[in-house]
Structure formats: structure tokens, C-alpha cells
Amino acid sequence: MARDIQITFDCADPAALATFWAEALRYQVQAPPGDFESWDQALEAMGVPPEHRNDASAVVDPDGSGPRLFFQRVPEPKQVKNRVHVDVRAAPGLAGDERMAALEAEADRLVAHGAARLTRHEPAPPLGAGHLVMADPEGNEFCLD
């Protein structure tokens with residue numbers, strides 16, 4: 001049986017990065033536990049002081065099929081290029097100019113939410129379909145594929 005996984009991001013602002021990735025993946029910020037209407041209410045009830053209420057956040061696939069993404073505050077900034085990154089499949093089944101146009105449209109949408117465009121890789125058949133390298137608001141690289 002396959003294992004359930006979670007992808008964890010070290011970051012400076014868990015709430016903001018969770019909001020970005022929820023938008024990028026069409027996920028949703030994980031709902032608070034129990035009958036709480038907000039995370040602030042839940043954390044208050046748990047006795048978490050206000051200065052620690054943005055120490056972590058998570059986003060989940062609304063369909064329940066994709067992995068949970070967890071964001072945890074760390075004191076140090078990002079140092080080097082990611083060795084592992086997320087590929088956002090923004091143009092499955094498309095090829096050539098149509099594929100690149102779909103990737104560019106998605107890049108424009110994500111830039112409006114705080115992403116940055118890094119590089120464009122043109123299609124190079126037979127194996128290279130073309131992709132865009134992006135960075136999230138904290139500089140974590142990801143690809144639009």
C-alpha cells in the first residue's frame with residue numbers, strides 16, 4: 001500500500017506562504033479543528049500566545065487526493081537552490097506554442113499572487129516539452145510544467 005505523504009516548507013511567514021500555495025495548487029488552507037470558526041480562536045483556546053500563532057500553517061487538496069503541504073517558521077532565510085521542488089502541472093496534454101501559452105498564462109496569474117518568473121525553457125522534442133521555472137514569495141523554486 002502506498003504511503004500518505006506531506007511536503008514540508010521551512011519559511012519565514014507560514015500563513016502567507018500557505019495562502020500562496022493554496023492559490024497555486026487550487027488547494028485550501030486547512031480548516032481549524034473541531035467547532036472553531038477560525039485558527040485564531042482555536043489557537044487561543046489551546047493557549048498559544050499571539051506571537052506564536054503564525055509558527056505553522058497547512059494547505060490541503062479539497063478533493064483529498066493530493067498531498068498536504070505544511071509550512072513551518074524557521075529563523076534562518078533560504079540559503080541555496082532547492083534540491084527538491086514542486087512541479088505544478090499547468091499544461092498537461094498540451095504541446096508546442098499552445099503549451100507555452102498556457103504556462104505563460106498561469107505564470108502571469110501566480111506573479112499577481114507574489115511569485116517571480118526565473119527562466120523559460122523552450123520545447124526541445126522529443127523529451128523536452130518546455131517549462132517555466134518560478135519562485136514562490138519566499139524564493140523557493142518550482143516549475144510550471
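First things first, this report covers the structure right here in the doc.

Procedures and definitions
Here the residue numbering is sequential within each chain, running from 1 through the sequence in written order. The model is predicted, so local features are restricted to residues of pLDDT at least 70 and side-chain atom pairs to those at 80 or more, both for listing and for counting; the totals for chains, interfaces and linings are taken over all residues. Hydrogens are left out, water is left out, and the side-chain values use all remaining heavy atoms of the structure. Just to be clear on terms, a salt bridge is a Lys or Arg side-chain nitrogen sitting within 4 Å of an Asp or Glu carboxyl oxygen. A run of H or I in DSSP counts as a helix once it spans at least four residues, and a run of E counts as a strand once it spans at least two, with each numbered from the N terminus. Throughout, exposure labels follow a simple rule: accessible area from a 1.4 Å probe, protein chains only, divided by the maximum for the residue type, with under 20% read as buried, over 50% as exposed, and the rest as partly exposed. Among buried residues, the Ala, Val, Leu, Ile, Met, Phe, Trp, Tyr and Cys ones that are joined through side-chain atoms within 4.5 Å form a nonpolar core. Whether two residues are in contact is decided by their heavy atoms, any of which lying within 4.5 Å being enough. In short, DSSP must find at least two bridges between two strands for them to pair. Lines fitted to the C-alpha atoms define the axes, with helices restricted to the stretch that makes contact. Angles between their N-to-C directions range from 0 to 180 degrees. Neither His nor the chain ends contribute to the count of charged residues, in which Lys and Arg are positive and Asp and Glu negative. Any pair of N or O atoms that falls within 3.5 Å is considered a polar contact. Within protein, one atom must be able to donate a hydrogen and the other to accept it, and sequence-neighbouring residues count only if both atoms are side-chain atoms.

1. Regarding the pattern of salt bridges
1) Next: On inspection of all chains with the given rule, the structure shows 12 salt bridges.
2) Next: Across the pair D40 and R53 runs a salt bridge whose closest N-O atoms are separated by 3.0 Å. Of this pair, D40 sits in helix α2 (residues 39-45) while R53 is found in the loop between α2 and β3 (56-60), placing the two residues 13 residues apart along the sequence.
3) Next: The exposure class of R53 is buried, given its relative accessible area of 18%.
4) Next: Across the salt bridge formed by R120 and E104, the nearest N and O atoms sit 2.7 Å from each other. Linking R120 in strand β6 (residues 116-121) with E104 in helix α3 (residues 96-111), this pair joins segments that are 16 residues apart in sequence.
5) Next: Judged by relative accessible area, which is 21%, E104 ranks as partly exposed.
6) Next: When salt bridges that share partners are traced, they join E104, D108, R117, R120 and E122 into one network.

2. Quick word on the nonpolar core
1) Next: With 24 residues, the main nonpolar core has W21, F71, F142 and L144 as its most contacted residues.
2) Next: Taken together, the elements giving at least two residues each to this core come down to β1 (6-11), α1 (14-25), β4 (68-73), β5 (86-88), α3, β7 (131-135) and β8 (141-144).
3) Next: For this core, the leading source of residues is α1, giving six residues.
4) Next: Those residues within four positions of F71 in sequence are excluded, and the remaining contacts are F9, C11, P14, L17, A18, W21, D55, A56, S57, A58 and V59.

3. Some points on the sheet that holds β4
1) Next: The strand order across the open sheet built from four strands is β1-β4-β3-β2, with neighbouring strands paired in mixed fashion. This sheet does not close on itself; its edge strands, each paired only once, are β1 and β2 (28-29).
2) Next: Note that β2 and β3 share two bridges and pair antiparallel. Paired with V29 across the bridge in β3 is V59.
3) Next: The sheet strands contacting α1 are β1, β2, β3 and β4, and the helix crosses β4 at an angle near 160°.

4. Things to note about the side chain of D136
1) Next: When you line up the elements, D136 lands in the loop between β7 and β8.
2) Next: Comment: no salt bridge for buried D136; closest opposite-charge side chain is K78, at 8.0 Å.
3) Next: Engagement of the side chain of D136 in a polar contact is seen with the side chain of W21, the distance being 3.0 Å.
4) Next: Once you skip the residues sitting within four places of it in the chain, D136 turns out to touch F9, L17, F20, W21, G114 and F142.

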